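# Descriptive analysis of the structure
So the chains spell out like this:
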Amino acid sequence: MPAAPADAKILTFENARRTVEEHAARVQPPATELVDLVDAPGRVVAEPVTADRDFPPFPRTTRDGYAVRSTDLSQIPATLKVIGEIKAGEQADRISPIVPGQAVSIMTGAPVPAGTDAVVMVEYTSRRGDLVVITRQPTPGENIVPRGAEARQGSLLLDRGQRLNAPAVALAASVGKSRLRVYRRPRVAVLATGDEIVDISSSPGPAQIRNSNTYSLAAQIREAGGEPLLLPIAPDEPHALRRLIEQGLDSDLLLITGGVSMGRYDLVEHVLSEMQAEFFFTGAQIQPGRPVVFGSCGAGAPARERSGLYFFGLPGNPVSTMVTFDLFVAPMLAALAGASPRKLMFLHARLKSDIRVKSGLKRFLPAILTGEFENSSVELVPWQGSGDIAATARANCYVVIPPGRAQIPAGDWIAVMPR
Ligand code: AMP
Ligand code: MG
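Calculation notes
Residues numbered from 1 in each chain as written. Chains lettered and ligands numbered in written order. Predicted model: local features only at pLDDT ≥ 70, side-chain atom pairs only at ≥ 80, totals over all residues. Heavy atoms only, no water. Near = heavy atom within 4 Å. Polar contact = N/O pair within 3.5 Å; in protein donor to acceptor, adjacent residues only side chain to side chain. Areas by Shrake-Rupley, 256 points an atom, 1.4 Å probe, with all protein chains shown as cover. Nonpolar A, V, L, I, M, F, W, Y, C, P; charged D, E, K, R; others polar. 1 Å grid on protein atoms, 1.4 Å probe; cavity = no way out; pocket = protein on both sides within 12 Å on 5 of 7 lines; lining within 4 Å. Points joined across faces, edges and corners; volume = space filled by probe spheres on them. Domains from an automatic or database assignment. Helix = DSSP H or I, 4+ residues; strand = E, 2+ residues; numbered from the N terminus. Pairing = 2+ DSSP bridges. Axes fitted to C-alpha atoms, helices over the stretch in contact; angles between N-to-C directions. Contact = heavy atoms within 4.5 Å.

### A word on the site of ligand 1
Within the structure, ligand 1 sits among 18 residues, and Glu-196, Asn-211, Ser-212, Gly-259 and Gly-316 are positioned closest to it. Take Asn-317: an N or O atom from its main chain is 3.2 Å from an oxygen atom of ligand 1. When ligand 1 sits alone it has 480 Å² of accessible area, and the protein chains cover 79% of it. Tallied by class, the residues present in the shell around ligand 1 amount to five nonpolar, ten polar and three charged.

### Here's the deal with empty space enclosed by the protein
Under the defined criterion, the tally for this structure stands at one cavity of 30 Å³ or more. Estimates place the volume of the largest cavity at around 40 Å³. Around the largest cavity, the lining residues are Gly-42, Arg-43, Val-44, Arg-163, Tyr-183, Arg-184, Arg-185, Gly-225 and Ala-337. Of the residues belonging to the lining of the largest cavity, the class tally is three nonpolar, two polar and four charged. Each of two domains, domain 1 (10-31 + 184-336) and domain 2 (33-55 + 150-183), supplies a minimum of three residues to the lining of the largest cavity.

### Regarding the layout of surface pockets
Here the largest pocket defines a volume of roughly 1300 Å³. Around the largest pocket, the lining comprises 34 residues; the ones closest to its centre are Asp-326, Ala-330, Pro-331, Ala-334 and Arg-342. Every element with two or more residues in the lining of the largest pocket is listed here: helix H1 (13-24), helix H3 (213-223), helix H6 (318-336) and strand S30 (413-418). The element best represented in the lining of the largest pocket is H6, accounting for seven residues. The residue inventory of the lining of the largest pocket, partitioned by class, reads 19 nonpolar, six polar and nine charged.

### Let's talk about the sheet that holds strand S7 (residues 102-106)
The strands making up a sheet associate through backbone hydrogen bonding, with each pair oriented either parallel or antiparallel. Read across the open sheet, the six strands follow the order S8-S5-S7-S6-S10-S9; overall the sheet is mixed. The sheet is open, and its two borders are formed by strand S8 (118-121) and strand S9 (125-128), each paired with just one other strand. Ignoring strand direction, the axes of neighbouring strands in this sheet form an average angle of 40 degrees.

### Some details on the domain arrangement of the protein
For the protein, the domain assignment lists domain 1 (10-31 + 184-336), domain 2 (33-55 + 150-183), domain 3 (60-145) and domain 4 (347-418). The distance between the C-alpha centroids of domain 2 and domain 4 comes to 38 Å.

### Some remarks on the sheet that holds strand S18 (residues 253-257)
Ordered in space as S17-S14-S18-S23-S22-S19, the six strands form an open sheet in which the pairing is mixed. Both edges of this open sheet fall to strand S17 (227-230) and strand S19 (278-281), since each of them pairs with a single strand only. Within this sheet the neighbouring strands show an average axis-to-axis angle of 25 degrees, counted without direction. In the packing of H1 onto the sheet, the strands contacted are S19, strand S22 (293-297) and strand S23 (309-314), and the crossing angle to S19 comes to about 130 degrees. Against the sheet, H3 contacts strand S14 (187-192), S17, S18 and S23, and its axis sits at roughly 160 degrees relative to S17.

The following block contains the structure:
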C-alpha cells in the first residue's frame, strides 16, 4: 500500500507557513455569543467597540500640583494666589474663572479649570497660606492630557478579530461593556493513530506507548482558543482509520497524529487520498516535524461555505506533534476562532554554548531561555530526539536554526520561538 500520494509536496518552512496563512485568510468567522467581561480574556471580540465619550472626557491633570496660566510664570520664582482646590471626581466649573495671578490646587485625575494651561508639580511649589510660590517655569500644556487626546467619542477602540488581553478588557470596561460579543470556540477533533498507542487509562504492554499526543494537542487547542473533541485511538488499519477520520470531519478542524511518515503502516495520507482529500503540502523542510501534512477534505463534512474541512496530519513523535501545532495549526485555528491574522515573529537571544547541526532543514530545537533584565541567553536542552517529551518539558522555548547554518558559536544572537 502506498504511504503517500504520488505527487509529494515538500515545501520550505516559509512556503508551508504561507500556504497555511493563505488558506486561513479564506476561512469564514464562526457564530458569536455574549459573555461577561470577566470571562472574555482569551476570547476573540466579534463586535466593534467604540468610545462612548471622549477619552479623557475632560482635560485631565496627570500630577498633583497647581493649575496655572503659563504666561504668569515668565519670571520665576513667582507668587500666585490660590483660589480653590479640585480633586479627582470634582467638576472644574465649581471654581470661578481664573484671572492673571491666580492658581488652583489640583490633584491627579482631576479636570483642569478653564483659563489654566499647565500644571506645576507640587514638588516645585511652596505654599504660604492662600499664596503659592512656583519655582519651575511650565511649558504650555505641561502635565495636562487634553480632552479627547486618547480617543474621540465614536472612534474605534477594539475591532472584530482582536484577541482579548488585559488592555483590551480594560478598554471594554472603560466604555461600560459588562458583556461582550465574542466568537464561538471552534471544535477541533483530535485523532491519534498507531497500533502501539494505548489509552492512558489502560496499562501499556511492554512494547506499547501511552497516548500523550491527544492530551498535548488538547492543551494546545485550549490555549489557542479552541474546543478539543477527543476521538478514540485509530489502529494502523485502513477501514477503522477511515471510519474515525470520517467522525473527525464533523468538526471545524481535524488533527491526526502519527501515520504520516514513509513506513509501511503509515496509512493516513493513503486513506485521505481515497477520500478525495486535497493536499496542500505533504512535508516541510523542518526538524522536528518534516512529514507534516496539510489539506482539506469535503467528503462527509456538513455543507460549508468553504471547500470542505481543513485537516493536518502531524508526525506522531510527541515533540514533532507539539512543534508542528505551533508552526502550522495555530494560524489556522486562530482564523477559525475569528482572530485577525498574526505573523509568526521570533525573538532573539545570545547563545550560551556552540551549536552544531546538519544543515539542510530549518530546526526548532527545545531550549531554555534564562537570565535577567537585559541579559537573556539561550541554550539547547540535551535531548534524545523528537520523541523526548521529558527534555521538551524542561524547555521553555525553541531555538530556530536556519537551514544554511551548521555551526553557530556561543555568543551569537539567535532566533528564539517562545512557548
Ligand atoms: P509515527 O508518526 O506514527 O511514525 O510515530 C512516530 C513515533 O511517535 C513512534 O515512536 C510512535 O510510537 C510515537 N507516537 C505516535 N503517536 C503517539 C501518541 N499519540 N502518543 C505518544 N507517542 C506517539
Ligand atoms: Mg505510527
